[in-house]
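These are the residues of each chain, in order.
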Amino acid sequence: HERVDDEGATVSRVWVKLDATYPEDERIMAAGACAELLFIRSICYCRRRVTDGHIPTSALRLLAFGIDGDPHELARTLVAHELWLEVDDGWRLRSYEAWQQTKETLAADAARKRSERAERQREKKERDIARTSAVCPSDAARTSGEPDRFVDVDFVTATVTPLRDLLKANHA
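Residues numbered from 1 in each chain as written. Predicted model: local features only at pLDDT ≥ 70, side-chain atom pairs only at ≥ 80, totals over all residues. Heavy atoms only, no water.

Draft legend 1. Representation of helix 4 (residues 71-80) within the structure. All of the buried residues along helix 4 are Leu 74, Ala 75, Thr 77 and Leu 78. Down the axis of helix 4, the smallest arc covering the buried residues is 155°, so these residues share one side. Here the buried face of helix 4 lies against helix 1 (26-31), helix 2 (33-49), helix 3 (60-63), strand 4 (84-87) and strand 5 (90-93). Where helix 4 terminates, the next one or two residues include Glu 82, which has phi positive at roughly 60°. (Buried < 20%, exposed > 50% of the residue type's maximum accessible area, 1.4 Å probe, protein only. Helix = DSSP H or I, 4+ residues; strand = E, 2+ residues; numbered from the N terminus. Arc of directions from axis to C-beta. Contact = heavy atoms within 4.5 Å.)

Draft legend 2. Structural context of the environment of Ile 28. Locating Ile 28 in the fold gives a position in helix 1. Between the C-alpha atoms of Ile 28 and Leu 78, which are 50 residues apart in sequence, the distance is 8.6 Å. Leaving out residues up to four positions away in the same chain, Ile 28 has contacts with Tyr 22, Glu 36, Phe 39 and Leu 83.

Draft legend 3. Expanded view of the pattern of salt bridges. Going through the model one piece at a time under the given rule, you end up with 8 salt bridges. Measuring nitrogen to oxygen at the nearest pair gives 3.9 Å for the salt bridge that ties Asp 70 to Arg 76. By relative accessible area, which is 40% here, Asp 70 ends up partly exposed. Across the salt bridge formed by Glu 126 and Arg 122, the nearest N and O atoms sit 2.3 Å from each other. With a gap of 4 residues between them, Glu 126 and Arg 122 both fall in helix 6 (residues 103-135), about one helical turn apart. (Salt bridge = Lys/Arg side-chain N within 4 Å of Asp/Glu carboxyl O.)

Function cannot be inferred from these measures alone, as they are strictly geometric.
Next up, the structure:
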């Protein structure tokens, strides 16, 4: 999930899960449009910053930028409608872990992807070695780390002799 920005830099895309029926949720409707926008922004903030649903007090102004209304009043509205929970140093999204990936699940996914990538690379190397052994067994043995045990003399003779004769004919 990456894209290239206007300057050619690679930027990772981060996604959030949002239930398609969320606009019909009674708490969302009761909170109002401005609080809803703050709620959606807070989900994005938590996912992008991998906070496991924690919204620090210091982030409120950023999240509420451009939204009509007092940011603290909107936060109180989200708490009153049980969309946010008040904690010592800010707020916490209720049920964040049920919908979004946590630090733990993100780390597990990253480890799984690294393992899968390593496995694909190992399998590709094995396929490449198998292809090489079909062409030249001696090269395949060196590539695989095995000792050079054999050379297919018939193959070498059949391949090298015509090339040698062609080179001699061109230099004559």
